[in-house]
Structure formats: structure tokens, C-alpha cells
Amino acid sequence: MSAQNDPTQRVAIGLSFGNSYSSIAYTTGEGKVEVIANEDGDRQIPSALSYVEGEELHGGQAKSQLVRNAKNTVAYFRDLLGQDFKSIDPSPCHQSAHPQEEGDGVAFSIRDTAEEKENTVTVGHVTTRHLRRLRQSASDYLGKDVNATVITVPTNFSDAQKEALKAASKEAGLEVLQFIHEPTAAVLAYDARPGAKLADKIIVVADLGGTRSDIAVIASRGGIYTILATMHDYDVSGFKLDQVLIDHFAKEFIKKNKSADDPRENDRSMAKLKLECEAVKKALSIGSSANFSVESLVGGIDFTATINRSRYDLLGNKLFAAFTRLVTHAVEKAELDPLDVTEIILAGGNSHTPKVASALRSGFPDTTTILAPSTSPTAINPSELAVRGAAIQASLIQEFELEDIEQSTHPMVTVTPHLATAVGLLCISGDESSGVFHAVIDAETPLPVRRTATIATPREGGDVLIKLAEGSRHIKVTKPEPKPKKETSDDDDDDDDSDDESDDEEELREKTWKVGKPLSEAAIRGIAKGGKVEVQINIAADLSVNAIYREVGGKGGVRGVIQGQKANGA
């Protein structure tokens, strides 16, 4: 391929390859990201392949074959790639072709030709076929031969899995320019929007996927992203939400048709139930009610029913609460407090469900912005976040030499020292013993770093002492004072409940700073009335600190170089 040797010949796309769905996107000449639809008009393309008398069906057409042709339909195979057979969880594949051992790896026994015999197809080759179809859809849409890609992967994807995915991509005619973590791609999709302001912040990317939940806590510092903690859970997923609906409608069917069999005990009926429940779940994300309708669910009996969103929220309440706990546990794992979280980005198709966002809202303060379709009119489609970020990254690096890309993404470059504590300033005038701490460089900032801050001095001006010091975040908890109980007569027992409720007021929690080790200080004399001081702070990779202090508008300045004094690193 000419693109291998000549980067100018590359036509690169972003590719999100999920267990349940995949998507493809590219960036236009004007810098706008477009998610590409396949020939069926789907932008969320099921990661599935099915074979009928030798004909290969893909995406939505393949998924519909789970009812009548399950043994020859391969689905939910992404996480099996590059894995040892003994370590996999085959449960998501119960309604499709079952994984089997092939050497140390995973394969499927399917009839993928017109002949009446089954062939053993490895998961790597299944992945190649899937990626080839995605590449073809992108090439048809763009009118160009797509030959390169940036692919999103989960944060716990192993090196062996990446190598297997790279090999499958190469066989499909796609040069992998870079793997990008799914949560990083989601943050990039938001930060690359027109008018987006670059700011230091703590972001949680919460992805409620089909087969698993993935949570990542990310520090964004000067446009550099650092993953602080991750959590993964297969017990909290879209599958489990589907199961809640499956159980509900199965019970309704049995109640209505007492002599009928349980549809969950028949593979074909179960496949019909699952497909329809997934459609109901999607309908409830945008409407207040949905219709359930399956022809010949069991024994030729048709079944129709309705469900409203309130009922669905109640049925899935335990899972929504478990997802919220998973997010708060990830924040705790990063040694942070919910008050530290600036934004929560909801990703994955199940994040369209309004209850997911409202359940999270209860676990975080009002200062935390939750970005989801139900909470923000400007929220990006959660299903498209990862692929949009991948397409942006592809457009940025597609003309670079592959060797340069590999060198710039090597751990020696990307894994840098970070500040363990914040570094900030105190402004102390003559009549004060201590000033208010202003954080200038937040904790978790990668090094080296340079920041400039301007701080106001006392209105009357005069002499001030500027101190550069480390600061650690502290959560101040203020408990409300108990209200005095009203005196009640012996026969006035009805008021007891209201007294109990009045004592149950919420405690007040707020962020404060504890000033730690001083790093540098400078006395500036004769500052003009209402004057300001500008401080430039430089912290090198070896944690040595260099600071320059000067009055804004004044001449010269004071340079404070720390000898033997270093900031606290991580």
C-alpha cells in the first residue's frame, strides 16, 4: 500500500470498535467531524457477522439473524480478541455462535460458505472481516480508498489484545496510526468543539456499555490528559438492563397466557425477547412510553404490551444505583472527592436513558456538570463520543511518518512526572499574618510546566510579601446545629415524626486549602494603589522550581530560584 511509505497518500478515519456496536467517522476539510452511516443507514453498526448459504451479512442485518440463524451469527467478540481461551467470559455469546478453544486462542465453528460443513474461524479473522466491512462502508461514503485509522480501545485492553487488533486491521487493509483510549477520545470530542475553552479540570467519563461499564477519572491540565483511575464492571451493563425488561415482559406474558411456556426457556423466544426489549429501551430514552410487540413469541402466541418510563426506571433502579456507586468508587480510587469533579461525561448508548444522569446527579454536588442528552442541550451523542475523538486524532496525525507517531506516543514520552500537590501563591500585606491561598498549578499537572498568575494586592498598595507554596485540598465539613425540640404533651405523639425529620438535615461540604511547604518568597515594596503582581512559575521535570515576581506595569522584577528546594512529585 502506498500509504505505508507515503503519508500524503493516507486516507484516515476514526474507528470505534465496541463489543455491541462499532462506528466510523472522518474529519472534513473544514475540521467538522462526521459520523459515517453504512449502506443500511446505520451510524451505530452492530458488531456482528452472520452467514446464510455462504452470503455474509453484516451489522443490523446480521443482528436480526440471531433469531433464526444464531449458530452462524458471531457477535460480542471484541473482548475475546487476543485472549487466552481459559480467561474469557463467554456469557455474552449465549444467543449467538459459541466461542471455542483453538490453540491458546478463541475461534468459532460456523457454516460461512455455501457448503454443508462448519469451518473453524478464529476471532482474529472474524475481526478482520468486520473491519473490512467498516472500511468498505467508509470508502463508499468518501469516494476514496480508506487505508488508515485511529482505533479506540478500553483502558484495560492488554498489549496482546492491541497487537491482535493491529494484525486484524492490517489484514483488512487498514494501517493503525494509533490506539486511543475510549475515555480520552470522549474528552477530546468535547474539547475540540468550536468555542470550547481550555481549562484545568477533573473529568469523569462514565461509559454504560452493552456488555460492561467502564469508568475513567481524567485530569485535564493545559490540554494534556492524565488518567488517574479506572473501574470496569461486567455486572453493570446494558445487557443487565435488557434482562430487567426481559423478565418483566416474560412475567406479563405468562400472567396473560397461563398455559403457555416461559419464553425465557426457549432460545428462539429468548432471542426475540432480547431484540424487542433493546428496541423498547431505546424508545424509552426519548419517549415517556413504549410498545412491546412480538409475533409468535411462544407456541405461535403473539404478545403485545406497553410500558412507561416510570415503570422502567423502577425496574432498573438497582442497576442505576450500582452505576452511580461505580462512578463514586472510581473517584475515591483516584483519591479525590466528588467536590473535585468538574464534569461527568456520560458515554455509551445506554447513557441516553434519562435516569442514568438523574441517578448520578444525586451523588455529586451542583458544581459538577453532567454532560448527557437529558441534562444538556449541547451534549454530544453519547454513542458517538469515542469515534468523534478518534476521527479528530486521525486528522491531526495522518500526515506524520509512522515512526514519528510511534516515538511521540512511546511511554518514555507520554509517562511523565506529575505534581502530587497544587502549587499556589499567598499575598501578605503588612498588617496580615497570613494570606489567602490561590492555586496556580493544580495537582496531577504533568512536568515540566510553566504558569503565569496575576494576583491583586491590598487596595491601599504599599509593601507586600508574595509566598509561593504547596497546597493540599481539604474538604471542610460543617454539620448543622441540631434544632431544639419542641415541648410536647404526653398525648401529642403525632409530632414525633416531624421532629426526627428536622434533625436529618444535610451537612455542608466545601473545598478549602491547607498551605504546606513554602517554596519561594519575594518582598515587593511600594506597590501602587490598586496594583497587581504577576508571578511566573516554572517547575522542571526534576521538580526544581524557578519563580519570577514583578509588579504589573512596573520595571524589572524579583527572581526567586530555589536552591535544593523541590516541589512534591508523583
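Looking up the chain in an unreviewed UniProt entry gives the name Chaperone protein dnaK, with the organism given as Ampelomyces quisqualis.

Caption draft 1: Inspection of helix α4 (residues 159-171) at higher detail. For α4, with 13 residues, the first-to-last C-alpha span of 18 Å sits near the 18 Å given by 1.5 Å per residue. Where α4 is concerned, the buried positions are Gln161, Leu165, Ala168 and Ser169. Buried residues of α4, seen end-on, are gathered within an arc of 100° and therefore sit on one face of the element. Opposite the buried face of α4, at more than 90 degrees from it, the exposed residues are Asp159, Glu163 and Lys170. Buried positions along α4 lie against β1 (12-17), α3 (123-142), β11 (148-153) and β12 (175-181). Phi turns positive one or two residues past the end of α4, at Gly173, with a value near 90°.

Caption draft 2: Local environment of the packing of aromatic side chains. For the structure shown, the criterion picks out eight aromatic pairs. Centre to centre, the rings of Phe253 and Phe303 are 5.4 Å apart; their planes meet at 80°, and the pair counts as edge-to-face. With Phe253 in helix α6 (residues 238-256) and Phe303 in strand β17 (residues 301-308), the pair connects residues that are 50 residues apart, well separated along the chain. Assessed through its relative accessible area of 2%, Phe303 is described here as buried. Taking the centre distance of 5.4 Å and the plane angle of 50° together, the rings of Phe437 and Trp513 count as tilted. With Phe437 in strand β21 (residues 437-441) and Trp513 in strand β24 (residues 508-527), the pair connects residues that are 76 residues apart, well separated along the chain. Overall, the relative accessible area of 9% leaves Phe437 in the buried class. An aromatic cluster is defined as three or more aromatic residues linked by ring pairs; in this entry it consists of Phe249, Phe253, Phe292 and Phe303.

Basis of the calculations
- The residue count restarts for each chain, going from 1 along the sequence in the order it is written.
- Note on the predicted model: pLDDT of at least 70 is required for a residue's local features to be given, and 80 or more for side-chain atom pairs to be given and counted; whole-chain, interface and lining totals, by contrast, use all residues.
- Values shown for side chains rest on all heavy atoms present in the structure; no hydrogens or waters enter the calculation.
- Working definition: helices are DSSP H or I runs of at least four residues, strands are E runs of at least two. Numbering for both runs from the N terminus.
- Here the expected span of a helix is defined as 1.5 Å times the quantity of residues minus one.
- Partly exposed residues are those whose accessible area sits between 20% and 50% of the maximum for their type, while under 20% is buried and over 50% is exposed, using a 1.4 Å probe and protein chains only.
- Each direction from the helix axis to a C-beta atom contributes to the arc, which is the arc of those directions.
- A contact between two residues is defined here by any heavy atoms of the two lying within 4.5 Å.
- In this scheme Phe, Tyr and Trp rings, the latter by its six-membered ring, pair at centre separations within 6.5 Å, and the angle between planes marks the pair as stacked below 30 degrees, edge-to-face above 60, and tilted otherwise.

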